[in-house]
Amino acid sequence: MSRGTVNRLLLGVVGLVLLAAGVLVLAGGLDLYSRLGVDPPSRWPLTSPDQPVLSARSRSRWAGESWWWPAVIAGLVVVVAGTAWWLVAQLRRSGPTTVVLPTPGAPGLRLRLRTRALEEAVETGAVALPEVERVGVRLVRGSRHPRLRAAVRMTPGGDPAALAEHFETGPRAGARTSLGLPDLPADLRIRVVAARPEVTGRRRRRGKRPRVV
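Right, let's walk through the structure included here.

What counts as what
- Residue positions within a chain follow its written sequence, with the count starting from 1.
- Only residues with pLDDT of 70 or above have their local features reported here, since the model is predicted, and side-chain atom pairs are shown and tallied only from 80 upward, although totals for entire chains, interfaces and linings are computed over all residues.
- Side-chain metrics rest on all non-hydrogen atoms present in the structure, leaving aside hydrogens and water.
- Segments assigned H or I by DSSP are reported as helices when at least four residues long, segments assigned E as strands when at least two residues long, and all are numbered from the N terminus.
- Buried, partly exposed and exposed residues are distinguished by accessible area as a fraction of the type maximum, computed with a 1.4 Å probe on protein chains only: under 20%, between the cut-offs, and over 50%, respectively.
- We call two residues in contact whenever any of their non-hydrogen atoms come within 4.5 Å of each other.
- Methods summary: accessible areas were calculated by the Shrake-Rupley approach with a probe of 1.4 Å, and residue burial reflects only the protein chains presented.
- Under the convention used throughout, the expected extent of a helix is 1.5 Å for every residue step, that is, one less than its residue count.
- What we call the bend at a residue is the angle made by axes fitted to the seven residues finishing there and the seven residues starting there.
- Whenever a nitrogen or oxygen atom comes within 3.5 Å of another N or O atom, the pair is scored as a polar contact, on the condition that within protein one atom can donate a hydrogen and the other can accept it, and that pairs from neighbouring residues in sequence are kept only if both atoms are in side chains.
- Ring pairs shown here join Phe, Tyr and Trp side chains whose ring centres sit within 6.5 Å, with only the six-membered ring taken for Trp; geometry is labelled stacked below 30 degrees between planes, edge-to-face above 60, and tilted in between.
- To define axes, lines are fitted to C-alpha atoms, for helices over the stretch in contact only, and angles between the resulting N-to-C directions are given on a 0 to 180 degree scale.
- We call two directions roughly parallel when the angle between them is under 35 degrees, roughly antiparallel when it is over 145, roughly perpendicular when it lies between 65 and 115, and oblique otherwise.
- Handedness of a crossing is defined here by the sense of rotation of the near helix relative to the far one, left-handed for an anticlockwise turn of less than a right angle and right-handed for a clockwise turn.
- Note on residue categories: nonpolar means Ala, Val, Leu, Ile, Met, Phe, Trp, Tyr, Cys or Pro, charged means Asp, Glu, Lys or Arg, and polar means any other residue, Gly included.
- Here, a strand pair is defined by DSSP locating no fewer than two bridges between the strands.
- Side-chain atoms within 4.5 Å are what join buried Ala, Val, Leu, Ile, Met, Phe, Trp, Tyr and Cys residues into a set we call a nonpolar core.
- For the handedness criterion, the strands are oriented away from the viewer, and a crossover whose path from the first strand over the helix to the second runs clockwise is classed as right-handed.

## Description of the overall build of the protein
The secondary structure content of the protein amounts to 7 helices and 6 strands. Ordered by position in the sequence, the α and β elements of the protein form the string α-α-α-α-β-β-α-β-β-α-β-α-β. Counting over 213 residues, the protein shows a buried share of 20%. Considering only intrachain contacts with a sequence separation of at least 6, the fraction spanning at least 24 residues in the protein is 50%. A total of about 15,200 Å² of accessible surface is found on the protein, and carbon and sulfur atoms cover 61% of it.

## Some details on helix α6 (residues 160-179)
Structural remark: α-helix, 3.6 residues per turn; residues separated by three or four positions point the same way. With 20 residues, α6 extends 26 Å from end C-alpha to end C-alpha; this agrees with the ideal 28 Å at 1.5 Å per step. Most pronounced at Phe 167, the bend in α6 amounts to some 40°, and the proline Pro 171 follows within four residues. Restricting attention to buried positions, one finds in α6 the residues Leu 163, Phe 167, Pro 171, Arg 172, Ala 173, Ala 175 and Leu 179. Close packing links the buried residues of α6 with β1 (98-101), α5 (115-127), β3 (132-141), β4 (146-154) and β5 (186-192). By the N-cap criterion, in which a side-chain oxygen at the helix start approaches the backbone nitrogen of a residue two or three places on, α6 is capped by Asp 159, the distance to Ala 161 being 3.3 Å. Gly 180 sits one or two positions beyond α6 and adopts a positive phi of about 65°.

## Brief notes about the packing of aromatic side chains
Within the structure shown, the criterion is met by 4 aromatic pairs. Ring geometry for Trp 62 and Trp 68: centres 6.0 Å apart, planes at 35°, overall tilted. Trp 68 gets classed as partly exposed once you look at its relative accessible area, which sits at 24%. Through pairs of rings, three or more aromatic residues link up here, namely Trp 62, Trp 67, Trp 68 and Trp 69.

## Structural notes on the packing of α5 against α6
The description of two helices packed together rests on the angle between their axes and the distance between the axes. Look at α5 against α6: their axes get within 9 Å of each other, and the N-to-C directions meet at 155°. Taken together, the axes of α5 and α6 are roughly antiparallel relative to one another. Helix-helix and strand crossings are classified by hand; for α5 and α6 the assignment is right-handed. On α6, the residues touching Leu 118, Val 122, Gly 125 and Ala 126 of α5 are Phe 167, Pro 171, Ala 175 and Leu 179. Split by residue class, the contact of α5 with α6 holds 7 nonpolar, 1 polar and no charged.

## Concerning the pairing of β3
For β3, a buried count of 7 out of 10 residues is recorded, marking the element as mostly surrounded by other parts of the structure. Note that β3 and β4 share 9 bridges and pair antiparallel. Bridged to Val 137 within β4 is Ala 150.

## Thoughts on the nonpolar core
Judged by nonpolar contacts, the single largest core of 21 residues is most densely connected at Leu 118, Val 132, Val 135 and Leu 179. Contributions of two or more residues to this core are made by β1, α5, β3, β4 and α6.

## Re the environment of Ser 58
Residue position: Ser 58 is located in helix α3 (residues 56-59). Each C-alpha atom, one on Ser 58 and one on Pro 45, is 9.5 Å from the other, the two residues being 13 residues apart in sequence.

## Focus: the pairing of β5
Direction of pairing for β4 relative to β5: parallel, over a ladder of 7 bridges. Paired with Arg 153 across the bridge in β5 is Arg 191. The handedness of the β4 to β5 crossover, carried by α6, is right-handed.

Structure, rendered in structure tokens:
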């Protein structure tokens, strides 16, 4: 499961929990239960505008217990540590920072190439292909070897099949040869922009060049 998928799942779960809690608080604050004749959820304290979210009994129920404050502090530590771990994970690359290049003439030499330099080389080769408007390339860790992930945005009326063939025989083949790998798996995502006559004519007049992202 990719980092983006995990982020979307976590944000979705947190959003649903906050949305449900907000709806319940709003329903109690506006006295919707009595107005609509709906039974409130079991053990939900806020059922009318005169009630607090947490009653005085609930707030002081375990305050006198010896385990209460250590448990609260431990829970807060877990929350802070989990948040810090998630933040560091967002700042960290999902793939290798460097790759080892083959050196057939010098067996004892280890030559490393920055991953971003390889990505830029593949992007430069891909953006020069016909009908390409925008390119983004990432090198990620695969099960055994590095894996390319490329997202290409084509101009209106582009041919995705021809682009996939050009990418296979051009940028991907060049990266595989440079890394000295028998195979370099790649995920190519192609998006063809819908044609808009007025925008297309304006771009042709300006001579807009493809972009690499």
